[in-house]
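Listed below are the residues making up each chain.
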Amino acid sequence: MSTELLEALASVTTDMLNGKVPSGICPFLYGASLTALVKKDGGIRPIAVGCTLRRLAGKVFSKRVMAEMGAQLRPEQAGYGTEGGAEAAVHAARLFLSRNSAECQVLLKLDFKNAFNTVFCGRMLAEVEKAVPQYFHFASQMYSQLSNLIYRDQVLQSARGVQQGDPLGPLFFYLVTKDLSKSVKSAFNCWYLDDATIRGDVDRVTEDFQRVADQCAHLGLELNMDKCEIFVFGGSKKEQLSTKSAAKITNTSMTDPVWIQASLPVAKGGLGLRRAEEIALSTYLASISSAKQLVTSMVADFDLDELCATELTSWMEVSSTELPLAALRVFQHTWDLPIVEKNFSEVLQASSLTEKAKNVGGIDEGVRSVAERPLKGSLRRALVTCKSHAILEPNGVLKDDTRKRPDGMTLVPWKEGEALVWDVTCVDTLCDSHVGGSAENAGDAANKAEDLKRTKYRNLEEKSGTELQTTREKEDRQISSDSVLV
């Protein structure tokens, strides 16, 4: 992208953010193409895809204020400027549901009809002016006048609501409903976009419901009573994994030991068919650990260890290790890796020496003779393709030992006047001389073979190094002699 184009985009974006777009252009620049999505209940959800320049300016606006606005909206609003907000809302709701109360408790889920498209633009702009006055003129040019929404060959005039698809839509909707969400007095009060969850005693929740219903009319909102739900609490799992499909694909009887190995990652000799119960445990613990701070702001006296006591105990039993450090608990692999290592250790303990070598990183018998011959020729063909002619198994490379012949050598100098020599070895990790080491350390056979190969050609390396040093000394003496002559 050229510098001129970047400067032009920056200039246009700055004018848009400052509200300097000519009024005659606004209905088109801030209009959008509509896509009609069918809802489950048969209704229509209009998605507006706005002009690229308008979306670019909106994202710049949103990026600049996201952190500040998120801090103002939390903990009631968790859907804008809040990382992991959905997870925190789920964990906080689960915490309340898990508490056994002697008194009757009510959990109320609220839903609004076509919420984004119905809020009053005047009320929305008034909230924008109070919260982010530096961008009021930009928001005003977008929503203070009718904008053109194009659906097929029809042009519709948009007079209410924020466009679903506008990068600023969530922020503007939250600003409209901020006071409404903070007016709720129930013990649990969590909003995500246009969905709200409230829980507390019956009288308090009833008061909050009435308060929300009364204020909706002033904001342009209407509760969707068909989707609102209420649950009453208080007062006076094991998952089984089906093995039929895996057994059919692998043509193997999927016993418990086989399942343990199949659940290991491919790098550990498994098939990567992870057990759902193990993944669920690690995922849940990492998720709730990452959301701890936000959940604490939503729910008073939140105790993560108390909430997850059963899961933490289960994890220690499954992994046979202590709990990880608090700073590392937000990562799923921190919880998952000890379980994988334990299962891998169990597989190795139950394996024969040959099976253990295969699991640690071995290859099947016979690979050496099959792989070694093609590799020799492949390297020579590759060099010849690059116009560097070479021969296989050259004689006389080491004059003191004619039995030592490398696999190949270039016929022209490769580097610093020296030819390139190569020798290929494919070791059998499961042969009697290597199986013991391969069962303990991955790559043991290959490392030993490399050491033997270097020992075999040590004289060649020393000879090459000596000749190179002699050549350089001659060059240095020649340069010194030339300097004296000058």
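These numbers were taken from a predicted model, which means no experiment stands behind them. (Residues numbered from 1 in each chain as written. Predicted model: local features only at pLDDT ≥ 70, side-chain atom pairs only at ≥ 80, totals over all residues. Heavy atoms only, no water.)

Caption draft 1: Layout of the sheet that holds strand β5 (residues 154–158). An order of β2-β1-β4-β5 is seen for the 4 strands of this open sheet, with the pairing classed as mixed. Looking at the sheet topology across the chains shown, the edges are occupied by β2 (44–50) and β5. The average angle at which neighbouring strand axes cross in this sheet is 40°, direction not considered. (Pairing = 2+ DSSP bridges. Helix = DSSP H or I, 4+ residues; strand = E, 2+ residues; numbered from the N terminus. Axes fitted to C-alpha atoms, helices over the stretch in contact; angles between N-to-C directions.)

Caption draft 2: Inspection of the pattern of salt bridges at higher detail. This structure, assessed with the given rule, holds 8 salt bridges. Salt-bridge contacts for Arg54 lead to Asp166; the nearest nitrogen and oxygen are separated by 3.1 Å. In this pair, Arg54 is assigned in helix α3 (residues 52–73) and Asp166 in the loop between β5 and α7 (169–182), connecting sequence segments 112 residues apart. Of the two residues, Arg54 and Asp166, both sit in the buried class. (Salt bridge = Lys/Arg side-chain N within 4 Å of Asp/Glu carboxyl O. Buried < 20%, exposed > 50% of the residue type's maximum accessible area, 1.4 Å probe, protein only.)

Caption draft 3: Molecular detail of the confidence of the model for the protein chain. With 77% of its residues at a pLDDT of 70 or more, the protein chain has an overall mean of 76. Predicted confidence is poor over residues 362–370, with pLDDT under 50, and the contacts of this stretch with residues over four places away or in other chains come to 15 contacts. With pLDDT under 50 throughout, residues 465–486 is counted as low confidence; its partners more than four residues away or in other chains account for 3 contacts. (pLDDT = per-residue confidence, 0-100. Contact = heavy atoms within 4.5 Å.)

Caption draft 4: Looking closely at the pairing of strand β4 (residues 147–151). As paired elements, strand β1 (residues 32–38) and β4 share 2 bridges and run parallel to each other. Across the sheet, residue Ser33 finds its bridge partner in β4, namely Ile150. Of the strand pairs in this sheet, β4 and β5 are connected by 5 bridges, and their pairing is antiparallel. Within β5, the position partnered with Ile150 by the bridge is Val155. Connecting β4 to the next strand, β5, in antiparallel fashion are 2 residues, including Arg152 with a positive phi near 55°.

Caption draft 5: Representation of the nonpolar core in the model. Judged by nonpolar contacts, the single largest core of 51 residues is most densely connected at Phe61, Phe138, Leu171 and Phe172. Once you skip the residues sitting within four places of it in the chain, Phe172 turns out to touch Phe61, Met124, Val128, Ala139, Met142, Tyr143 and Val162. Within the second largest apolar cluster, 26 residues are counted, among which are Phe96, Ala286, Leu307 and Cys308. (Core = buried A, V, L, I, M, F, W, Y, C linked by side-chain atoms within 4.5 Å.)

Caption draft 6: Fine view of unusual backbone geometry. Residue Arg74 is joined to Pro75 through a cis peptide bond whose omega torsion reads 0°. Positionally, Pro75 belongs in the loop between α3 and α4 (85–98). With phi around 55°, Leu193 is a residue other than glycine that occupies positive phi space. For Leu193, the position within the fold is in the loop between β6 (188–192) and β7 (195–201).

Caption draft 7: Seen up close, the side chain of Asp111. Secondary-structure assignment places Asp111 in strand β3 (residues 105–111). Despite its burial, Asp111 pairs with no opposite charge, the nearest such side chain being Lys227 at 4.7 Å. In contact with Asp111, not counting residues within four places along its chain, are Asp194, Asp195, Glu222, Leu223, Asn224, Lys227 and Cys228. (Lys, Arg positive; Asp, Glu negative; His and termini not counted.)

Caption draft 8: Examining α7 more closely. The terminal C-alpha atoms of α7 lie 20 Å apart, and with 14 residues this matches the ideal 20 Å at 1.5 Å per residue to within 8%. If you look at α7, its biggest bend is around 45°, right at Val176. Every buried residue of α7 is accounted for by Gly169, Leu171, Phe172, Phe173, Tyr174, Leu175, Val176, Thr177, Lys178, Leu180 and Ser181. Contacts made by the buried residues of α7 are with α3, α5 (121–131), α6 (136–143), β6 and α8 (202–219). (Expected span 1.5 Å × (residues − 1). Bend = angle between axes of the 7 residues up to and from the residue.)

Caption draft 9: Up close: the pairing of β1. The pairing of β1 with β2 spans 7 bridges and is antiparallel. Its bridge partner being in β2, Val38 is matched across the sheet by Ile44.

Caption draft 10: Structural detail: the sheet that holds β3. Here we have 4 strands laid out as an open sheet, ordered β6-β7-β3-β8, and antiparallel in their pairing. The open sheet is flanked by β6 and β8 (229–233), the only strands paired with a single partner. Taken over all neighbouring pairs, the strand axes of this sheet differ in orientation by 10° on average, direction set aside. Of the pairings in the sheet, the one linking β3 to β7 comprises 7 bridges and is antiparallel in character. Note on β7: the bridge partner recorded for Gln105 is Asp201. Here α8 sits on the sheet in contact with β3 and β7, set at roughly 145° to β7.

Caption draft 11: Region of interest: empty space enclosed by the protein. Considering only enclosed or pocket space, the largest cavity measures out at about 40 Å³ in volume. Secondary-structure elements contributing two or more residues to the lining of the largest cavity are α11 (276–290) and α13 (304–307). Element by element, the count of residues in the lining of the largest cavity is highest for α11, at 3 residues. Looking at the lining of the largest cavity residue by residue, the classes come out as 6 nonpolar, 1 polar and 2 charged. (1 Å grid on protein atoms, 1.4 Å probe; cavity = no way out; pocket = protein on both sides within 12 Å on 5 of 7 lines; lining within 4 Å. Points joined across faces, edges and corners; volume = space filled by probe spheres on them. Nonpolar A, V, L, I, M, F, W, Y, C, P; charged D, E, K, R; others polar.)

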